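# Fold and contact review
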Amino acid sequence: MDPYRIDARGLSCPQPVMLVERALTAGKIPLDVIVDEPVAQENVMRLVTKRGFRSEITDEGPWVVIHVVA
Amino acid sequence: MGICVACMERDIAGALGLHRVPTVQYLRPEIMGLVLGAFIAALLTGEYRSRGGSSPVVRFFLGCFAMVGALVFLGCPWRAILRLAGGDGNALVGLFGLTVGIGVGVWFLKRGYSLGRSMPRPYGGGWILPAFMAFLLILLIGRVSFSPGGPIFFSRVGPGASHAPLLVSLGAGLVIGGLAQRSRFCTMGAIRDMILIRDPHLISGVGAMLLAAWVTNILLGQFRPGFTGQPIAHTDVLWNFLGMVLAGLAFVLAGGCPGRQLFLSGEGDMDAAIFVWGMIVGAALAHNFNTVSSPAGVSPFGPLAVLVGLIFCLVIGMTQRDRP
């Protein structure tokens, strides 16, 4: 199944976390979240962990993709 | 006094001559330190990134109105926390107002409010505000005067004349700026994240600030609980509340408390830099238009300015959304 994609690049705090929260609540797993700010990455990963999911990072240079799986 | 971002940006506005209230004019090195400390930390850790382009004019006016609200209450969230740590009961009213304002902002966020994406920009743009802060530092150290009787102004009496030695203020600002950039400290975000996603991560920082200030006040004999006679504070419950409702709402809509906006500016965030300028200009306008409170209470145009600001923020909150 293709991951659900969220492009959170350039979005102000707390939008990245809100989008991810909404997707997780709707069961959209696996989920790929693209972020380009360290703080967005930290916040998303903290949320993902808190909600009981696992995440892996792919560093694509200017941005990072957080792969969220169950 | 500690650090009050709003009051100190107001003092900078005065020093530059943007307003002419003689008791609140001083180029606060704390503010320059906060930006430069964050700037240095961001450069050293590779987190500096020049970026911008997310509704700058909206952010500018959000900054103006955030300052208007703060100057009706007589403090930003930092000062509200520090006032509470000193025993000022009026700060409870302000913090309650701040929470309500943040709650309204959260409601807009949930409805899809957005100021749009910030885009990566060429390297140099993000240096502008840190460079300007360094320039202000030069003006301060050199006690530069551009014309007889003209700016840069230095208050001789009043709050603007009360300041720590320059190296202490600057040093504290630099250290706090660096630490806050690394820890993502944000007083508004702390309350917002508890309301929005029940995340206590940021509120631990606010709790630490409150505890440290309270302990310091106890040790120095500066803790005086009560509502009347508190330093640079008034007891008008309604406008302490509504002033901070406006400030809290504006901070949520702009994505950060005034301190956080300074740290983001240091990181190269040009949208945060515009908000900072909005606060500085807002302070000047607030004094020039007689909206700033005093220990005696609200000023003639303060309540009206708060109402205008609330209407502005409500319109912005309702109309600024990304197209689906």
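Let me begin by describing the structure that accompanies this report. (Residues numbered from 1 in each chain as written. Chains lettered and ligands numbered in written order. Predicted model: local features only at pLDDT ≥ 70, side-chain atom pairs only at ≥ 80, totals over all residues. Heavy atoms only, no water.)

Right, let's get into the overall build of chain B. A tally of helices and strands in chain B yields 13 helices and two strands. Here chain B has a C-alpha radius of gyration of 18 Å; the compact-globule value for 324 residues is 20 Å, and the two agree. Considering only C-alpha atoms, chain B reaches an extent of 55 × 40 × 40 Å along its principal axes. Taking all 324 residues of chain B together, 57% fall into the buried category. Considering only residue pairs separated by 6 or more positions, chain B has 82% of its internal contacts joining residues 24 or more positions apart. (Helix = DSSP H or I, 4+ residues; strand = E, 2+ residues; numbered from the N terminus. Rg over C-alpha atoms; globule rule 2.2 N^0.38 Å. Buried < 20%, exposed > 50% of the residue type's maximum accessible area, 1.4 Å probe, protein only. Contact = heavy atoms within 4.5 Å.)

Residues and elements named next belong to chain B. Inspection of the entire model under this criterion finds 16 aromatic pairs over all chains. Here the aromatic rings of phenylalanine 39 and tyrosine 48 are separated by 6.0 Å at their centres, their planes lie at 80 degrees, and the arrangement is edge-to-face. In this pair, the class of phenylalanine 39 matches that of tyrosine 48, namely buried. Each ring, one from phenylalanine 65 and one from phenylalanine 312, has its centre 5.0 Å from the other, and the planes form 35 degrees; the classification is tilted. (Phe/Tyr/Trp six-rings, centres within 6.5 Å; stacked < 30°, edge-to-face > 60°.)

Attention now moves to the interface of chain B and chain A. Taken together, the contacts link 23 residues of chain B with 21 residues of chain A. Between chain B and chain A, roughly 1,700 Å² of surface is buried when both sides are summed, and carbon and sulfur atoms account for 45% of that area. When the buried area of chain B at its contact with chain A is split by residue, Arg117, Arg184 and Ile197 of chain B rank highest and sum to 32% of it. There are six salt bridges connecting chain B and chain A. Note that glutamate 37 of chain A and arginine 51 of chain B form a salt bridge whose closest N and O atoms lie 3.1 Å from each other. Taken together, chain B and chain A are joined by twelve residue pairs in polar contact (both at pLDDT 80 or more). Among the elements of the structure, α5 (90-110), α8 (187-197) and α11 (258-267) of chain B are those that each provide at least two residues to the side of chain B that touches chain A. Along the lines of polarity and charge, the residues of the side of chain B that touches chain A split into five nonpolar, five polar and 13 charged. (Buried area = accessible area lost by both parts, 1.4 Å probe. Salt bridge = Lys/Arg side-chain N within 4 Å of Asp/Glu carboxyl O. Polar contact = N/O pair within 3.5 Å; in protein donor to acceptor, adjacent residues only side chain to side chain. Nonpolar A, V, L, I, M, F, W, Y, C, P; charged D, E, K, R; others polar.)

This part covers the side chain of histidine 234 of chain B. All names here are of chain B. Assignment of secondary structure puts histidine 234 in the loop between α9 (203-219) and α10 (237-254). Since its relative accessible area comes to 1%, histidine 234 is described here as buried. Looking at histidine 234, its side chain comes within polar contact range of the main-chain oxygen of valine 72, at 2.7 Å. Looking at histidine 234, its side chain comes within polar contact range of the side chain of serine 293, at 3.5 Å. For histidine 234, the contacting residues outside a window of four places in its chain are Val72, Phe73, Leu74, Asn90, Asn240, Ser293, Ser294, Pro295, Gly297 and Val298.

Moving on: the pairing of strand β2 (residues 31-35) of chain A. Residues and elements named next belong to chain A. A large share of β2 lies buried, amounting to five of its five residues. Burial along β2 is two-sided: Leu31, Val33 and Val35 and Asp32 and Ile34, pointing in opposite directions, are all buried. The pairing of strand β1 (residues 4-7) with β2 spans four bridges and is classified as parallel. Residue pairing for β2: tyrosine 4 is matched across the bridge by leucine 31. (Pairing = 2+ DSSP bridges.)

Okay, the nonpolar core next. Counting 111 residues, the largest nonpolar core has Val20, Leu31 and Val33 of chain A together with Leu27, Leu62 and Trp78 of chain B as its most contacted members. Considering every element that reaches this core, the biggest residue donor is α10 of chain B, with twelve residues. When sequence neighbours within four positions are dropped, the list of residues in contact with leucine 62 of chain B reads Tyr113, Leu115, Ala250, Leu253, Ala254, Phe275, Phe312 and Cys313 of chain B. (Core = buried A, V, L, I, M, F, W, Y, C linked by side-chain atoms within 4.5 Å.)

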